[in-house]
Amino acid sequence: MVKNIIKHSIRALNRQKGYVFINIIGLSIGIACSLLISLFVINELSYDQFHIKKDRIYRVNLHGKIGGQEAHVSSTASPVGPTMLREFPEVEDFTRYNTWGSTVIKYNNQNFTEDRFVHVDSSFFKIFSINLLKGDKNTVLNTPYTLVLSESTAAKIFGEEDPIGKMVKVGTDSSLYKVAGVMEDIPDNSNFRANIYGSFLSSNRANDDRWLSNSFETYVLLKEGASENGVNEKFHPMLIKYVGPLIEQFFGTSFDEFLTKGNEYRYELQPLLKIHLDPSIEHEVKPANDPKFLYIFGGIAILIIVIAAINFMNLSTAQAAKRAKEVGIKKVSGSSRGMLIRQFITESLFLSSISLIFAILIVELSLPFFNKILNSNLFLDYSSWYTIPGLIIISILVGLLAGSYPAFFLSSFKPVSVLKGSVNNSMKNGKLRSVLVVLQFSISIILIVGTLIIFKQINYMINKDMGFNKDKLVVINRADVLGKKIKPFKAELLKLPGIVNISASTAAPSHNNNGNGYTIEGRDQESFLLETNWVDYDYFETYGIKLKSGRLFNREFPTDQEACVVNYSAVQNFGLENPFEIRFNVSNDAPDGEKQYMPIIGVVENFHFRSLHSKIEPYIFRFKNDDILWGYISIRLANDAPKNTLKEIENKWKELTSNEPLQYFFMDESLKTLYNEEQQNAKLSIVFTILAIIIAALGLFGLTSFTVEQRTKEIGIRKALGATVGNIFYIISKEIIVLVAISTLIAWPIIYFVSNNWLQNYHYKITLNVLDFLIGFIIAMTIAVLTISYRTIKSAKRNPSESLRYE
């Protein structure tokens, strides 16, 4: 019986070649889109494959609130891990994780710049099951100045040599480091992307006992059966014991009183598996992905499949009049409804299977393009146990989704109705097809308007006035390499044509590194959190930050070196009505706890030092003296700077740094990277939106072709009676135009709700307006009209005598 069903299905499909072709194209594109999105989502979710004990690994996060300013970060103090291991019986082990960022490795008079250098405790390779190709995970980082290299990094530096035991120079450290191990390359989508791991014992902060200096990430491995909540409850007593005395020293109040005043300072465990998709916690290892984008693309995948399935349903039910006689004859011949349903489902599954083959071909051909957009390495792994079964399941699900309704619908015809012709007449009404077209175009309009809004928001963020001049600004990393030669370096560069100004600072916009707590004279019971940047005299002129009131650091006033400048947000948030009468207490910076105060001498206009996701927080500029060596050097180039200016800068740098490599970035490009995720997702959105529109247009084209066939004789009569091509076009297209208009009215409130909700992720955002939604309607209407034009106009131009002889 199965053999007969398949034979009848193939014969039936052979009689509908044109519509079958359209269905296969639509289903192929729909399945391909779903596969690509699935690969993207799976890649984001399976970010760390090497954590065998991942259900017992936790990161310690800090939640702080001082003076109304909140911080939710993964940074902790150096003694947190050792203290937990010593005092919490639930903790089996810990490791600290200190990202150095870009570092220069020297070997045999060659320099190698590595972007992912990290200091970790020796327990790191015992907690995280990263495969060591060489070295013993139990001892590999037990001693200071030892390294573990990734396989590719070892090959780059040492070539065919055995790296174990080799000595290299790391950055400006005077001590040589020994290579103690080689590990497998860590996948780019891992939360622990590093090329080199160094022993934490090499860091001068290894035995740091400063509890208010939160600079490292801390990961703990809990013992079997240990309670996460039980550990969280022990953090408060630990903070009272170690942080309490410091709070009392700096703020003159107990730790509990500090909290009752609306402040917050607490540690909390976060399961490892929740880190990757939690953007609410700021951390530097690898920025978390916003799960909303995964939901959005998951939704798009479903919508595209729905559009493709609607095409199938539409064309199948549209041809019901043609297949009614077939159904009637088969029922008269003894076929049951069940047998007919199985035949129609088999047809659908057969088409879905063929479409799957074409979909896989489309995916393989388009993956290089998508990998380029995503800067990723997506691929279909046919060797995985779940890939082939997964593809078969997708094919079956799509076949059932697309074919179930037509199968039950077509099999429901009664032989008597068919012979009377009542089925043919009822099919011409096409109410069901109208509903499906409306649904299809509603989805298309939602995707069109949504993509337009995403691009508009990204364009707004990239081009918004940041409050400083980001163009023609080169920022050099690793200012500490110059040591005490920063001033001579500045003097030498200012002699070069094309250089307008130079400044040294400890931070730069989008490269912030110090959030400090302060008290204000006369308000000792309050505490205030400000992003802190130590800058020289030339910083404000170099960056073009505007003065709102007061003055900036001035060489003519030596006391300015003990003063500060704040942004207007600090004045607003802290209620500083007369800011120039305010002095910050900086006694904690002074030896022996001597009382020292830092007056405000100037207030600058607000500027964006982070992405537009967050609002502008209070910011303080302190003077950078000659003893502060670390940070950045910012160089303002003239608009007509010679092309070789960067080369000249590099030459001067190498002269003063014993040939150290120059590492720099352009500020405008750096700011764009803050929105990499949005830009990648926007590109994906527009690609999938175009594909969804193509699928919808294919269905509409097929439906129009069927409609024209059904009304061929009517068109011939109208032409014979004097109707013009325009008249015929209007008659055929007006129904589609009405349906697209109805689709628009349905789509608008849905996309308004979704896009408005998405925009809440940004503190600075566009305002939705009517034009955004009208553009979506115009694009959808244009596509619909263009799609139906060819078949409609071709039919309208046909000789009436041919049309009247039709059938």
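Preceding block: the structure.
Attention in this report is confined to the structure presented alongside it. From a predicted model like this one, the values you see are computed outputs, not experimental measurements.

**Structural notes on the overall build of the chain**
Looking only at helices and strands, the chain has 26 helices and 23 strands in total. If you take every contact in the chain between residues at least 6 apart in sequence, the share linking residues at least 24 apart comes to 79%. With an accessible surface of roughly 36,700 Å², the chain has 56% of that area assigned to carbon and sulfur atoms.

**Notes on the nonpolar core**
Ranked by size, the top nonpolar core spans 62 residues in total, and within it F468, F540, Y543, I545, F553, F621 and M667 carry the most contacts. When residues in this core are grouped by element, the largest group, 12 residues, is from helix α16 (residues 431-463). Apart from the residues lying within four places of it in its own chain, the contact partners of M667 are F468, K470, L473, V475, A508, P509 and Y543. Ranked by size, the runner-up nonpolar core spans 43 residues in total, among them I24, I31, L374 and L380.

**Side note on the packing of aromatic side chains**
Tallied over the entire structure, the rule returns 40 aromatic pairs. For the ring pair Y539 and F621, a centre distance of 5.8 Å and an interplane angle of 50 degrees mean the geometry is tilted. In this pair, Y539 sits in helix α18 (residues 539-543) while F621 sits in strand β21 (residues 619-623), placing the two residues 82 residues apart along the sequence. By relative accessible area, which is 0% here, F621 ends up buried. Aromatic pair F607 and Y619: ring centres 5.1 Å apart, planes at 70 degrees, arrangement edge-to-face. With F607 in the loop between β20 (597-604) and β21 and Y619 in strand β21, this residue pair connects regions lying 12 residues apart in the sequence. For the pair shown, F607 and Y619 are each scored as buried. In textbook terms, an aromatic cluster arises when at least three aromatic residues are bridged by ring pairs, as seen for F468, Y537, Y539, F540, Y543, F553, F607, F609, Y619, F621 and F623. Geometry around Y568 places K548 over its ring, the cationic atom sitting 4.5 Å from the centre.

**Things to note about unusual backbone geometry**
In this structure, N109 takes a positive phi of about 60 degrees despite not being glycine. With respect to the helices and strands, N109 occurs in the loop between β4 (91-107) and β5 (110-120). One non-glycine residue, Y145, lies in the positive phi region at around 60 degrees. Mapped onto the elements, Y145 comes out in the loop between β6 (132-134) and β7 (146-150).

**What about the packing of helix α3 (residues 80-87) against helix α6 (residues 228-242)?**
Axis separation between α3 and α6 bottoms out at 12 Å; the angle between their running directions is 115 degrees. For the element pair α3 / α6, the angle class is roughly perpendicular. Handedness of the α3/α6 crossing: right-handed. Two secondary-structure elements touch here, α3 through T83, M84, R86 and E87 and α6 through V231, F235, M238, K241 and Y242. Here the contact of α3 with α6 is built from residues that sort into 5 nonpolar, 1 polar and 3 charged.

**A few points about the side chain of S78**
Tracing the chain through its elements places S78 in the loop between β3 (76-77) and α3. Exposure remark for S78: the relative accessible area of 0% places this residue in the buried category. Apart from residues no more than four positions distant in its own chain, S78 is found in contact with R96, F200, R205, A206, D208, S213 and F216.

**Remarks on the pattern of salt bridges**
Opposite charge on two side chains lets them pair, provided their charged atoms get close. On inspection of all chains with the given rule, the structure shows 29 salt bridges. The closest approach of N and O atoms between D121 and R96, which form a salt bridge, is 3.0 Å. Taken together, the residues D121 in the loop between β5 and α4 (124-127) and R96 in strand β4 connect sequence positions 25 residues apart. Residue D121 shares its accessibility class with R96, and that shared class is buried. Between E650 and K647 there is a salt bridge whose closest N-O contact spans 3.9 Å. Here E650 and its partner K647 are both found in helix α20 (residues 645-656), 3 residues apart, which amounts to about one turn of the helix. The class for E650 is partly exposed, based on a relative accessible area of 22%. Classification of K647 by relative accessible area gives partly exposed; the value is 48%.

**Comments concerning a nonpolar patch on the surface**
Together, L452, V770, L771, L774, I775 and I778 line one region of the surface with nonpolar side chains, adding up to about 500 Å² of accessible area. When residues in the nonpolar patch are grouped by element, the largest group, 5 residues, is from helix α25 (residues 770-796). As for its position among the elements, I778 is in helix α25.

**Here we look at the packing of α6 against helix α7 (residues 244-251)**
Any two packed helices are characterised by the angle at which their axes cross and by the distance between the axes. One way to put it is that α6 packs onto α7 with a least axis distance of 3 Å and a crossing angle of 50 degrees. On the basis of their axis angle, the class for α6 and α7 is oblique. From α6, L239, I240, K241 and Y242 reach across to α7, where they touch G244, P245 and L246.

Thresholds applied
- Residues numbered from 1 in each chain as written.
- Predicted model: local features only at pLDDT ≥ 70, side-chain atom pairs only at ≥ 80, totals over all residues.
- Heavy atoms only, no water.
- Helix = DSSP H or I, 4+ residues; strand = E, 2+ residues; numbered from the N terminus.
- Contact = heavy atoms within 4.5 Å.
- Areas by Shrake-Rupley, 256 points an atom, 1.4 Å probe, with all protein chains shown as cover.
- Core = buried A, V, L, I, M, F, W, Y, C linked by side-chain atoms within 4.5 Å.
- Buried < 20%, exposed > 50% of the residue type's maximum accessible area, 1.4 Å probe, protein only.
- Phe/Tyr/Trp six-rings, centres within 6.5 Å; stacked < 30°, edge-to-face > 60°.
- Lys NZ or Arg CZ within 6 Å of the ring centre and 35° of its normal.
- Axes fitted to C-alpha atoms, helices over the stretch in contact; angles between N-to-C directions.
- Parallel < 35°, antiparallel > 145°, perpendicular 65-115°, else oblique.
- Left-handed = near helix turned anticlockwise from the far one by under 90°.
- Nonpolar A, V, L, I, M, F, W, Y, C, P; charged D, E, K, R; others polar.
- Salt bridge = Lys/Arg side-chain N within 4 Å of Asp/Glu carboxyl O.
- Patch = residues over 30% accessible without salt bridge, like charges linked within 9 Å, V, L, I, M, F, W, Y side chains within 5 Å.

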